[in-house]
Amino acid sequence: WNVRKLCFEFDSEPYYQAIDDKVKKFCASTSVETFSPVSHTIYDPADIIRKNGGKPPLTYQSFVKLAGEPSWASSSVSTGVTWLPTVGNIGRCSVIDVPSIEELGYEELPEDETTPFKGGETEALKRLRTSLSDQEWVSKFEKPKGDPSAFLSPATTVLSPYLKFGCLSSRYFYKCIQGIQRNVKRHTSPPVSLLGQLLWRDFFYTVAFGTPNFDRMKENRICKQIPWRNDDELLAAWREARTGYPWIDAIMVQLRKWGWMHHLARHCVACFLTRGDLFVHWEKGRDVFERLLIDSDWSINNANWLWLSCSSFFYQYNRIYSPISFGKKYDPNGNYIRHFLPVLKGIPKEYIYEPWRAPMSVQVKAKCIIGKDYPKPVIEHDVASKECKQMLHQAYELNRRSNGIVSVEELESLRRRMEDEEDADQQQCLKGKRLK
């Protein structure tokens, strides 16, 4: 109980290392021997950081170069019984009951659809065998390719939840992929290959492990300081699938119902919330993903939001996922949208991604009036994306001039200036409409 209490009370960084240190110290004081293997990742993040002079590598390429071949990769994977001793006599200690859904802080809500992905090691190994049985698919796997609208038969392995919870060993997965690659004449390579995806996972773990305040913008040395909007209404519309953009809303419905969606679908909704359209703080979106994703992993979730908001790792903020054309490229008929947003199932395919453009006669026939049965767009994408680019340009300039050390006053001053410019643009737009 005391060890568990130490873990729950801890609330500073670096998170996992400090918990380990406290538990080890407590055990040492009670003459309890501790053994701390690193097995949740392919490499030991501390070793990589030590090789890099005490700092985590900040690019995938530098990480891979430092990491090299895993020391255990040439050995066989053990499937035998562990050497851990039996529990022994537990005295009067009772077995703790599994907490209920309500005790964990969730409500037991009636849903018309639940996640199709079952938990546990047996299911993880079954899914692993199914995914790797097609050696040609494994050898040709290339991220970011794949169909984000494929939901009945996802275009990826969907092994991330099992890796996250330890139902599947990343090292065993690594060895299985290696075995297939030896048996084929040609295969893709990192960073786009299936093996490369496991390396991405370790890269994010390593950066997260070695970066104080990795899960926030403030006092995070690798994060751009950006004056994001504090707009609870826009955040709620995004979170509750009420943006008026069917592609975005369908993805958010899948998230709420399944707790999982394709990586490109995640990219779309994360970009839309932050640098693409709504300019809402990435930490707000991170919190929603953290609560709803069945594969939510602290290191990877924060890293992806830093990346997709162009706050770190990736800085090409002019490249924006369109909430209209991107999904249409994969699913022109809108089958994905019709499944997760049945209110739109009667809308013809030429309007399914932009239902507000459908004539009223079409809306009536489809029994879906935009603005009544399904919301109008919360923003105009073409206008909003242009404003987002301008705001990010100003924020990047501020970070450049300040060498990354941006004060609270500077950030607030830029926020006020952006709001004034936005108000002026809106007034000009209204004036133009009146003149017409």
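All of the points below concern the structure found in this document. (Residues numbered from 1 in each chain as written. Predicted model: local features only at pLDDT ≥ 70, side-chain atom pairs only at ≥ 80, totals over all residues. Heavy atoms only, no water.)

A count of helical and extended segments in the protein gives 19 helices and 0 strands. Pairs at least 24 apart in sequence give 71% of the contacts found in the protein among residues at least 6 apart. Of the accessible surface of the protein, which amounts to about 24800 Å², a share of 53% is contributed by carbon and sulfur atoms. (Helix = DSSP H or I, 4+ residues; strand = E, 2+ residues; numbered from the N terminus. Contact = heavy atoms within 4.5 Å. Areas by Shrake-Rupley, 256 points an atom, 1.4 Å probe, with all protein chains shown as cover.)

Turning our eyes to something else, we now look at the packing of helix H13 (residues 282-292) against helix H14 (residues 298-308). At a minimum axis distance of 10 Å, the contact between H13 and H14 shows a crossing angle of 145 degrees. Note that H13 runs across H14; the crossing there is right-handed. Together, Trp282, Gly285, Arg286, Phe289 and Glu290 of H13 and Trp298, Asn301, Asn302, Trp305 and Leu306 of H14 make up the contact between the two elements. For the contact of H13 with H14, the residue count by class is 5 nonpolar, 3 polar and 2 charged. (Axes fitted to C-alpha atoms, helices over the stretch in contact; angles between N-to-C directions. Left-handed = near helix turned anticlockwise from the far one by under 90°. Nonpolar A, V, L, I, M, F, W, Y, C, P; charged D, E, K, R; others polar.)

This paragraph deals with the packing of helix H11 (residues 246-258) against H13. Packing of H11 against H13 brings their axes to within 9 Å, and their N-to-C directions diverge by 40 degrees. By the angle between their directions, the pair H11 and H13 is classed as oblique. Between H11 and H13, the residues in contact are Met252, Leu255 and Arg256 and Val288, Phe289 and Leu292, respectively. Residue composition of the contact of H11 with H13, grouped by class: 5 nonpolar, no polar and 1 charged. (Parallel < 35°, antiparallel > 145°, perpendicular 65-115°, else oblique.)

Let's shift gears to the environment of Lys164. Tracing the chain through its elements places Lys164 in helix H7 (residues 160-164). Lys164 gets classed as partly exposed once you look at its relative accessible area, which sits at 29%. Expressed as a C-alpha distance, the spacing of Lys164 and Asp295, which sit 131 residues apart in the sequence, is 5.9 Å. When near neighbours in sequence (up to four residues on either side) are disregarded, Lys164 contacts His40, Asp295, Ser296 and Asp297. (Buried < 20%, exposed > 50% of the residue type's maximum accessible area, 1.4 Å probe, protein only.)

Of note, Arg216 is situated in the loop between helix H9 (194-210) and helix H10 (232-239). Taking the relative accessible area as the measure of exposure, Arg216 reaches 35% and is therefore partly exposed. Sequence separation between Arg216 and Glu283 is 67 residues, and the spatial gap between their C-alpha atoms is 6.6 Å. Once you skip the residues sitting within four places of it in the chain, Arg216 turns out to touch Cys223, Trp282 and Glu283.

A separate point is the nonpolar core. Core analysis: the biggest nonpolar cluster contains 106 residues, and Phe173, Phe214, Trp238 and Phe313 have the highest contact counts within it. When residues of this core are assigned to their parent elements, the largest contribution, 9 residues, is made by H9. Looking at which domains feed residues into this core, each of domain 2 (113-210) and domain 3 (232-434) gives three or more. (Core = buried A, V, L, I, M, F, W, Y, C linked by side-chain atoms within 4.5 Å. Domains from an automatic or database assignment.)

Two aromatic rings are characterised by how far apart their centres lie and by the angle between their planes. All chains considered together, the criterion is met by 33 aromatic pairs. Members of the aromatic cluster, connected to one another through ring pairs, are Tyr43, Tyr60, Phe63, Trp200, Phe203, Phe204, Trp307, Phe313 and Phe314. The side chain of Lys164 reaches across the aromatic face of Phe165, ending 4.0 Å from its centre. In this structure, Lys224 is placed above the aromatic ring of Tyr396, and the distance from its NZ or CZ to the ring centre is 5.0 Å. (Phe/Tyr/Trp six-rings, centres within 6.5 Å; stacked < 30°, edge-to-face > 60°. Lys NZ or Arg CZ within 6 Å of the ring centre and 35° of its normal.)

For the coordinates displayed, the defined rule picks out 12 salt bridges. A salt bridge links Asp287 to Arg286; the shortest N-O distance between them is 2.7 Å. With a relative accessible area of 7%, Arg286 lands in the buried category. (Salt bridge = Lys/Arg side-chain N within 4 Å of Asp/Glu carboxyl O.)

All we've got here are geometric facts, nothing functional implied.
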